[in-house]
2 protein chains.
Amino acid sequence: MFPEKFLAWGRSKSCIRELAAYGNARKAQIGEDKVFDFSLGNPSVPAPDCVNKCIKELLDTEGGTIHGYTPAVGLPGLRKVIAEDLNKKSTVHISPDYIYVCCGAAAGLVVALRALLMPGDEVIAFAPFFPEYRVFTEGAGGKLVCVKPDEALQPDIEDFEKAISEKTKAVIVNTPNNPSGVVLRADTLGKIGEILKKAEEKYGHSIYLISDEPYRELVYDGEPVPCVFDYYHNTVMCYSFSKSLSLPGERIGYLALSSAIEQAERDDLFATICGAARAAGYVNAPSLMQRVIEKCIGSTSDLSVYKENRELLYNGLKELGFKCVYPDGAFYLFMKCPEEDAKAFSEKAKKHELLLVPSDDFGMGGYVRIAYCVPADMIRRSMPAFKALAEEYGL
Amino acid sequence: MFPEKFLAWGRSKSCIRELAAYGNARKAQIGEDKVFDFSLGNPSVPAPDCVNKCIKELLDTEGGTIHGYTPAVGLPGLRKVIAEDLNKKSTVHISPDYIYVCCGAAAGLVVALRALLMPGDEVIAFAPFFPEYRVFTEGAGGKLVCVKPDEALQPDIEDFEKAISEKTKAVIVNTPNNPSGVVLRADTLGKIGEILKKAEEKYGHSIYLISDEPYRELVYDGEPVPCVFDYYHNTVMCYSFSKSLSLPGERIGYLALSSAIEQAERDDLFATICGAARAAGYVNAPSLMQRVIEKCIGSTSDLSVYKENRELLYNGLKELGFKCVYPDGAFYLFMKCPEEDAKAFSEKAKKHELLLVPSDDFGMGGYVRIAYCVPADMIRRSMPAFKALAEEYGL
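To keep things clear, this report deals only with the structure shown in the data block. The shown structure was predicted, so the numbers you read here are calculated from the model rather than taken from an experiment. (Residues numbered from 1 in each chain as written. Chains lettered and ligands numbered in written order. Predicted model: local features only at pLDDT ≥ 70, side-chain atom pairs only at ≥ 80, totals over all residues. Heavy atoms only, no water.)

### Considering helix H9 (residues 263-279) of chain B
All names here are of chain B.
Next, step 1: For H9, which comprises 17 residues, the first-to-last C-alpha distance of 24 Å matches the rise-based estimate of 24 Å (1.5 Å per residue) to within 8%.
Next, step 2: Judged by how many residues are buried, H9 sits mostly within the fold: 13 of 17 residues are covered.
Next, step 3: Just downstream of H9 lies glycine 281, where phi reads positive at about 85 degrees. (Helix = DSSP H or I, 4+ residues; strand = E, 2+ residues; numbered from the N terminus. Expected span 1.5 Å × (residues − 1). Buried < 20%, exposed > 50% of the residue type's maximum accessible area, 1.4 Å probe, protein only.)

And the structure:
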């Protein structure tokens, strides 16, 4: 008697949250230190000192007013510093007027998709992709179309060209990528931009590039992530402070429209996004956190910890004979399963108390995602379990 | 090229937020103290000390972990204390398993409506009602059906019976009421419950009572608000800590299902609500605030301030010849306009720098809403302006 899809999504949970729930139950059963839980992308590094210091200062100086409503689009001062921050990264000038402060990147993605899609419209995602893209797209009345990756896990450009149809309204990119840690190369982004421009001309309507980039600052080899605004005009950026400032539970991020979007269309799109957010019950992003971000923008948690974890895990697994994609960023390692069925492999790993997310829900089989935003000590202690797993497969 | 409704909702804003925006612009123009802004329901009383004290304690003792993801339904400890709190108010035992911690009552209403409605289904609201009920209902694919009030602004029960159809899936009550401050009497709630039970039998499907009650604690005459769970079985409660703890910007509240809902249906409904929330991008309610509420539940801001404001405003306006509904609760006064056209009256009030929300968007004409969650001093200083307005109408 209730809407079927919502019931199914409520019952199934995400594969990641399901594994995490299993992990918590298992820890209660056999002890916290006996389970090697690599399931959740919950930052292991605490928020930088500036965050908690800033909260205390706000409470002491403006304690009476900081919890009140803010404008639906966010505090003016915060929108201004976000625009300034973006303008350091891109040659396309971003205006505070087209920044919508929202409850994390998830909220941004949802309202962008709802603003862009009519029933039956298509959204392209590049595998491997965050499973909620499917829920968000279908929840907005659209259909998710998957494009396979090449061997380096960059999008397969030929497959992408074939996937575009008259119904394509949006393309989601996610760089650095969850679950693979791969950063989209500048030349790949350039090709995506060119193909989309041609498709816009061919079909006579706008196609939007939606960039989901909560991991933007989590890169470890000195090269900054190419900024999507520089590669395509009709671009919507969805950002979250969840990972860079280790605040995933606080639900604070923003959506920004490229100034290269034609003016009248940009005004309409921004208003439509505000309307979609209003209809979804988003009144404003949490007010205290808006004020914290206004002060702490540009800071990050101690991300060097993740870099060390990456080396530890990647080298350890390589030595054991596993094949992994070397991740440029984020805090995930994408490991090829030594058998075709990723779910079966994940189940076998569970027997060794290793919680690895099978890749099927990421839009492709044969891999597991290993979240290394965990204590380095756990990675070290997990190695005998990985060794036993490798031996089971004769690696 | 974008979904029309979202564009319209994004462009129009709510009448309340529009008036508040005008007020801010006007204050910048002629000075803060020259504008009598009664537009917004933003609590003027600060959060109680326990809130800011608790935030500091959490930062000092658990600073590294408090900003992480929580379960989508909320922290187990918080769900438990919410159930305990509800079980003091109602004879129907409420279980933590059917409590969904969410980003304020708005998020609760939206996910409840999305879980309950199929396209074309009808939702009944009793005028006067919070204008966003229309946006939330239509955003969920439903149609809002309005029932007129009787002279005391209780629902007109005959009109209510006539409004129910085969398509009715939900009825929203809001007590104490925004915009009128009226508390639903126990006998009225009892009648609503009886009529709904009969309608369920007649049409052979469940009809849900959705109770929006962010103002539950804001009553000033000693009588607690009758608890909806005691009057009808298929009841969904949406609560927010926005007003009782003066935290409207922090977006923290909950949704609770009555244990009187048949077990299998209750499980399905709860799962559907979780799925609808997931599809709307609600990952979890803000994590720091979840922990704060766990400690501060049962506390309130100093609500006596609103009681004093009520007397000051009500008596002042009565003396000037205006007709007002005496509000039992919330922090709104519903004043009859001395002309039929509430919008025209609101415009004339603006000329006296009085910002009063016209009632049309609340589902009925002829009134203005005056939010008295403002400094008492502003109420006093506004009286000459009200006097001039009264004189303009020959009162």
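### Structural notes on the pattern of salt bridges
Next, step 1: Taken as a whole and assessed by the stated rule, the structure comprises 40 salt bridges over all chains.
Next, step 2: The salt bridge partner of Asp187(B) is Lys191(B), with a shortest N-O separation of 3.9 Å. Placement of the pair is Asp187(B) and Lys191(B) together in helix H8 (residues 186-203), with a separation of four residues, close to one helical turn.
Next, step 3: On the basis of relative accessibility, which here comes to 39%, the residue Lys191(B) falls in the partly exposed class.
Next, step 4: Arg310(B) is the partner of Asp221(B) in a salt bridge, and the nearest nitrogen-oxygen pair spans 2.9 Å. Separated by 89 residues along the polypeptide, Asp221(B) in the loop between strand E6 (208-212) and strand E7 (235-240) and Arg310(B) in helix H11 (residues 304-319) bring together distant segments of the chain.
Next, step 5: Judged by its relative accessible area of 44%, Asp221(B) falls in the partly exposed class.
Next, step 6: Residues participating in the shared-partner salt-bridge network are Arg185(A), Asp187(A) and Lys191(A). (Salt bridge = Lys/Arg side-chain N within 4 Å of Asp/Glu carboxyl O.)

### Digging into the relation of the copies chain A and chain B
Next, step 1: Laying chain A over chain B is done by rotating through 180 degrees and shifting 0.0 Å along the axis; what remains is an RMSD of 0.0 Å. What we have between these two chains is a two-fold relation.
Next, step 2: The fraction of interface residues of chain A whose copies in chain B are also interface residues reaches 100%, indicating that both copies meet through the same surface. (Least-squares fit on C-alpha atoms with pLDDT ≥ 70 in both. Contact = heavy atoms within 4.5 Å.)

### A short note on the sheet that holds strand E5 (residues 168-174) of chain A
Residues and elements named next belong to chain A.
Next, step 1: Strands sit in the order E2-E8-E7-E6-E5-E3-E4 across an open sheet of seven strands; the sheet is mixed. Since the sheet does not close on itself, it has two edges, and those belong to strand E2 (99-102) and strand E4 (143-147), each with one partner. Adjacent strand axes in the sheet meet at a mean angle of 20 degrees when their direction is disregarded.
Next, step 2: Where E5 lies against strand E6 (residues 208-212), five bridges are found, and the strand directions are parallel. Bridge pairing links isoleucine 172 to isoleucine 210 in E6.
Next, step 3: Helix H9 (residues 263-279) contacts E2, E6, strand E7 (235-240) and strand E8 (253-257) of the sheet and is inclined by roughly 155 degrees relative to E8. (Pairing = 2+ DSSP bridges. Axes fitted to C-alpha atoms, helices over the stretch in contact; angles between N-to-C directions.)

Just geometry here; none of it tells us what the structure is for.
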